[in-house]
Amino acid sequence: MKIPQLSLFIENKPGHVMAPCKLLADAGINIVTLSIGDSREFGILRLIVREWQRAKEVLEAAGLVVAVTEVLAVEVHDRPGGLTELLGLFDQAGLNVEYMYAFTARLGNRAVLVFRFDDLDSAITALTRAGINPVSPINLYDHLEEE
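Residues numbered from 1 in each chain as written. Predicted model: local features only at pLDDT ≥ 70, side-chain atom pairs only at ≥ 80, totals over all residues. Heavy atoms only, no water.

A look at the packing of helix α1 (residues 18-26) against helix α2 (residues 52-61)
Move 1: In contact at an axis separation of 10 Å, α1 and α2 are set at 125 degrees when each is read in the N-to-C sense. As summarised for this structure, α1 and α2 are arranged oblique, according to the angle between their axes. When you trace α1 past α2, the crossing you get is right-handed. Mapping the contact onto sequence places Pro20, Leu23 and Leu24 in α1 and Ala55, Val58 and Leu59 in α2.
Move 2: Residues of the contact of α1 with α2, tallied by class, amount to six nonpolar, no polar and no charged. (Axes fitted to C-alpha atoms, helices over the stretch in contact; angles between N-to-C directions. Helix = DSSP H or I, 4+ residues; strand = E, 2+ residues; numbered from the N terminus. Parallel < 35°, antiparallel > 145°, perpendicular 65-115°, else oblique. Left-handed = near helix turned anticlockwise from the far one by under 90°. Contact = heavy atoms within 4.5 Å. Nonpolar A, V, L, I, M, F, W, Y, C, P; charged D, E, K, R; others polar.)

A word on the pairing of strand β3 (residues 42-49)
Move 1: Across the eight residues that make up β3, a large majority, six, are buried.
Move 2: Taken together, the six bridges between strand β1 (residues 2-11) and β3 define a ladder with antiparallel strand orientation. Across the sheet, the residue bridging to Leu6 is Leu47, located in β3.
Move 3: Pairing geometry for strand β2 (residues 31-38) and β3, over seven bridges, is antiparallel. Each bridged residue has a counterpart across the sheet, and for Ile36 the counterpart in β3 is Leu45.
Move 4: Hairpin remark: β2 followed by β3, antiparallel, with three residues in the connecting loop. (Buried < 20%, exposed > 50% of the residue type's maximum accessible area, 1.4 Å probe, protein only. Pairing = 2+ DSSP bridges.)

Dropping the structure here:
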């Protein structure tokens, strides 16, 4: 249920986002989804790829510093209020969402969001109690490859 995410600190300058993406492309590694957050001088590029270990090796071999963190992918009703309902569940469970971003693809009629929590295991417990199962990496990657 937990999905490995690669995080890279990159300079906030032209071409610095393209460099790691090109390294992965040249290695035949597809980026499933990504997010970038920036400050004036640096940014954090967050990537989800199926072959995360190999991607980490490719990026590190090029001199990039890569951190691996675990996130959850959660299906959300793709309608007004769908996200609010899910965030309400997290609020009731006392969970802090550190950040979130969306997948570009959908699973059926639902959107998929990526969440990073300060307590991932508590988030899984809260979701499970509410009858929501985080999307497994295998189901997510297999579905995306079919499209």
